[in-house]
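Reading the structure
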Amino acid sequence: MRIGLIGYGRMGQAIERVATARGHEIVGALHRDASTIEREAVAQQADALIDFSHADAVPEHVNLALRAGKSLVIGTTGWDALRPDIERQVRAAQGSVLYAPNFSIAVQVFLRHAVNLAAQLLQLDGWDVAIEEIHHRGKADAPSGTARALATRLQQTLSLPREAAYPVPTDNRLPANQFAVGVLRLGSEFGTHRLLLDGPYDWVEITHRAKSRDGFAYGAVRAAEWLIGRTGFFSFQEVLNEILAHKEEH
Ligand SMILES: NC(=O)c1ccc[n+]([C@@H]2O[C@H](COP(=O)([O-])OP(=O)(O)OC[C@H]3O[C@@H](n4cnc5c(N)ncnc54)[C@H](OP(=O)(O)O)[C@@H]3O)[C@@H](O)[C@H]2O)c1
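These remarks concern the structure in this document. Note that the structure is predicted; figures quoted are calculated from it, not measured. (Residues numbered from 1 in each chain as written. Predicted model: local features only at pLDDT ≥ 70, side-chain atom pairs only at ≥ 80, totals over all residues. Heavy atoms only, no water.)

Points about the overall build of the protein
As a reminder, the rule being used: Counting from the N terminus, the helices are the DSSP runs of H or I reaching at least four residues and the strands are the DSSP runs of E reaching at least two. For every residue, the accessible area obtained with a 1.4 Å probe (protein chains only) is divided by the maximum for its type, and the residue is called buried under 20%, exposed over 50%, and partly exposed between those limits. Note on definitions: a residue-residue contact is assigned when non-hydrogen atoms from the two residues lie within 4.5 Å. We get accessible surface area from the Shrake-Rupley algorithm with a probe of 1.4 Å; when it comes to residues, only the shown protein chains can shield them. When charges are tallied, Lys and Arg are placed among the positive residues and Asp and Glu among the negative ones, while His and the ends of the chain are skipped. Note that the charge is assigned to NZ on lysines, CZ on arginines, CG on aspartates and CD on glutamates.
Looking only at helices and strands, the protein has eight helices and eleven strands in total. C-alpha atoms of the protein, sized along the principal axes, occupy 60 × 40 × 40 Å. Among the 250 residues that make up the protein, the fraction classed as buried is 47%. Long-range pairs, those at least 24 residues apart, make up 67% of the contacts in the protein with a sequence separation of at least 6. Carbon and sulfur atoms form 49% of the exposed surface of the protein, whose accessible area is close to 12600 Å². Here the protein contributes 26 positively and 29 negatively charged side chains, and the mean placements of these two sets differ by 2 Å.

The structure is reproduced here in structure tokens:
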């Protein structure tokens, strides 16, 4: 597969490493200041584009992929408010786009288990829930897309009568109809997510901690391989189910 990278920062470089090791070719890497001509040229040469850039540029990159008729994998986070409009645009144009706020296979399994764990304990009296995420100082958005995704799943799956507090109020009182989503920015931390459950007699927590960026890159490359030839707006779930069903090494 010929891959065009959009964004050549920490993740763009990890994608290049992982994709090359899987036998793919990188046909170009677009930086923030890439001209329209450069962008169109990379899109034309690529079978798939992989975007790990900045939230503000995602609509432009979707348009680029739709114009070129190429598959686009989006790992960039922080544009959730635009997602419904972009999904509609992609479907109307019969485009080929897949987005995940977290391409780590282990994180996706963690999310499933975290929601199940919360579902069982929060049906008991006296239990409370919170989410915590830790990332490197350079991360542009907060809370992380993964923390938001976990919060949304808790609300939707459990019909929690509480909403995520972004940010947690500073007057030391968390209203009863909210649960905390804590954010820490620390050094070069690749990404830690934690679900915390507090009960009358017990404390339960489940943590995922990334050891490098390669797990995210691997998932994004697998998503691009899966996406080629498909039309629609997809999440990582379909790819994940296929990977887990085949019990592949990753
Ligand atoms: N889905 C996942 O699994 C996952 C995992 C990790 C990170 N992420 C997300 O991926 C994004 C990138 O993370 P990162 O750690 O790689 O950040 P990074 O190191 O800051 O790299 C982002 C790169 O994108 C470039 N860029 C900005 N606007 C652009 C544009 N319009 N066209 C092309 N390139 C542009 C930046 O250029 P400049 O250097 O000129 O600013 C920078 O080189 C963030 O949104 C992050 O939250 C997602």
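Structure's up, so let's keep going.
Thoughts on unusual backbone geometry
A cis amide bond links Ala142 to the next residue, Pro143, at an omega of -10°. In this fold, Pro143 is placed in the loop between strand 6 (128-135) and helix 6 (145-158). One non-glycine residue, Gln94, adopts positive backbone phi at about 55°. With respect to the element layout, Gln94 can be found in the loop between helix 4 (83-92) and strand 5 (96-99). With relative accessibility at 64%, the residue Gln94 sits in the exposed group.

Structural notes on the site of the ligand
Note the following rule: By convention in these notes, a residue is near a molecule or strand provided one of its non-hydrogen atoms lies within 4 Å of it. Two N or O atoms form a polar contact when they lie within 3.5 Å of each other; inside protein one atom must be a possible hydrogen donor and the other a possible acceptor, and for residues adjacent in sequence the pair counts only when both atoms belong to side chains. Whether a set of points on the 1 Å grid over the protein atoms alone is a cavity depends on a 1.4 Å probe fitting there but being unable to get out, while an open set qualifies as a pocket with protein on both sides within 12 Å along at least five of seven lines; lining residues are those with an atom within 4 Å of a point. To qualify as sitting in a cavity or pocket, a molecule needs more than half of its atoms within 2 Å of the grid points. Think of it as three bins: nonpolar holds Ala, Val, Leu, Ile, Met, Phe, Trp, Tyr, Cys and Pro, charged holds Asp, Glu, Lys and Arg, and polar takes everything else, Gly as well.
Taken together, 24 residues form the shell around the ligand, and within it Met11, Arg32, Thr77, Phe103 and Lys139 come nearest. Interatomic distance of 2.9 Å between a backbone N/O atom of Arg10 and an oxygen atom of the ligand. Take Gly75: an N or O atom from its main chain is 3.0 Å from a nitrogen atom of the ligand. A majority-of-atoms criterion places the ligand in the largest pocket. Within the shell around the ligand, the residues separate by chemical class into nine nonpolar, ten polar and five charged.

A look at the pairing of strand 3 (residues 48-51)
Defined as follows: Only when DSSP finds a minimum of two bridges between them are two strands counted as paired. A right-handed crossover is one whose linking path, passing over the helix from the first strand to the second, runs clockwise when the strands point away from the viewer.
Judged by which residues are buried, strand 3 turns out to be covered on both faces: Ala48 and Ile50 on one side and Leu49 and Asp51 on the other are all buried. Sheet analysis places strand 3 next to strand 4 (residues 71-74), joined by four bridges and oriented parallel. If you follow Leu49 over to strand 4, its bridge partner there is Leu72. Where the polypeptide runs from strand 3 across helix 3 (residues 58-68) and back to strand 4, its parallel neighbour, the crossover connection is right-handed.

Considerations on the sheet that holds strand 7 (residues 163-165)
Where strands meet in a sheet, backbone hydrogen bonds hold them as pairs that are either parallel or antiparallel. Inclusion rule: Axes here refer to lines fitted to C-alpha atoms; in helices the fit is confined to the stretch in contact. Angles between the N-to-C directions go from 0 to 180 degrees.
Strand order in the open sheet formed by five strands is 7-8-6-9-10, and the pairing between neighbours is mixed. Of all strands in the sheet, those with a lone pairing partner are strand 7 and strand 10 (203-209), marking the two edges. For this sheet, the mean angle separating the axes of adjacent strands, direction not counted, is 20°. In this sheet, strand 8 (residues 178-185) lies alongside strand 6 in parallel orientation, the contact comprising six bridges. Paired with Glu132 across the two strands is Gly182, which belongs to strand 8.

Purely geometric stuff here, so don't read any function into it on its own.
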